[in-house]
Amino acid sequence: MDWRDRSGVAPLFLILVGVLVVVVVIGGVSYVVYKDARSIVPVPPVACHCPDIPDIRNRIAEASAAAARYGQMAADIEAADATAGKPTMFGEERWKAGEAAVQVEVNAAHVQGTRSGNGRTDTACVTTVESASPCIRASLQTHENVHAASCQASKKSGRTGTYGDYKASMTMAAYWREEVAAYSEELKYLSDNLAQAMAEAGCDPVVKVETYPGREKKEDVRERLVGAWRRLSAYVSGAR
Ligand SMILES: [Zn+2]
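The numbering scheme is per chain: residues are counted from 1 as the chain's sequence reads. Given that this is a predicted model, residues contribute local features only at a pLDDT of at least 70 and side-chain atom pairs are listed and counted only at 80 or more, while totals for whole chains, interfaces and linings are drawn from all residues.

**Focus on the overall build of the protein chain**
For the record, the criterion: Secondary structure follows DSSP: runs of H or I at least 4 residues long count as helices, runs of E at least 2 residues long count as strands, and numbering of each begins at the N terminus. Counts of 20 or more other C-beta atoms within 10 Å of a residue's own C-beta define buried residues, counts of 12 or fewer define exposed ones, and intermediate counts define partly exposed ones; C-beta atoms are placed from the backbone. Once C-beta atoms have been placed from the backbone, residue pairs whose C-beta atoms lie within 7 Å are recorded as contacts.
Each helix and strand counted, the protein chain has seven helices and two strands in total. Put simply, the protein chain has 240 residues, and 30% of those count as buried. For the protein chain, the share of sequence-separated contacts (at least 6 apart) that also reach a separation of at least 24 residues comes to 73%.

**As for the nonpolar core**
Basically, it comes down to this: Note on terminology: a nonpolar core is any set of buried Ala, Val, Leu, Ile, Met, Phe, Trp, Tyr and Cys residues joined through C-beta atoms within 7 Å.
The biggest cluster of nonpolar side chains holds 33 residues, and the ones touching the most others in it are Ile56, Tyr70, Trp176 and Tyr183. Elements with a contribution of two residues or more to this core: α2 (53-84), α4 (134-156) and α5 (172-198). In terms of residue count, α5 provides more of this core than any other element does, 12 residues in total. Not counting residues up to four positions away in its chain, the partners in contact with Tyr70 are Val102, Trp176, Glu179, Val180 and Tyr183. Counting residues in hydrophobic clusters, the runner-up holds five residues, among them Ile40, Cys125, Ala148 and Cys151.

**Considerations on the confidence of the model for the protein chain**
Test applied: Looking at any residue, its pLDDT shows the predictor's confidence there, from 0 to 100.
Residue-level pLDDT values for the protein chain average 84, and 74% of them are 70 or greater. Within the model, the stretch residues 32-37 combines pLDDT values under 50 with one contact to residues more than four positions away or in other chains. Within the model, the stretch residues 208-215 combines pLDDT values under 50 with 11 contacts to residues more than four positions away or in other chains.

Structure representation (structure tokens):
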């Protein structure tokens, strides 16, 4: 093409505008789809396998520690609210302090050499999960889906707090209880997947599951996990 020939400029301009329109339309559609798809993301019932067992056990330890701490924080603030005769609403500072306290417990529970991760649900109810392990990502998504559902229900009913954050429309105790519920869903998912992974053909739980010296049979591991789950359930339902 001869660039000195101006007759070619108009068609070229039209082509460029056309390309721009196509880019904007595709971008807009994929943005909407992307946002929608990342709010509540369906999790496959089985996402973990035999080699994931150490990661699953680590996440069970982390999630149990977090759930217990959140449950304690909820109970404390419920008692304080009962004394004061009025509920404490969600507060940014109180929330951050609580999250930091839980993080200390989670770090203490972490088993060296295993893969964990993190997740969040933003004020637009969009969830993000990060982990090198697809198994742990599924577990984290199970957790975030609880927050996303609460966020969507809140927005649907017009309950939105400061800056559109659904959490700000809740009492502090209700939000800590939501965390307990999210971790409980995650623990249910993890124990189901652990049982599934351990039952896989050729999976040797003594080798794969053992993290410290001393023999531990598959049945012992299962029994211990069922015990831990029962204690947590009792705690969550307020039986303790
Ligand atoms: Zn959470």
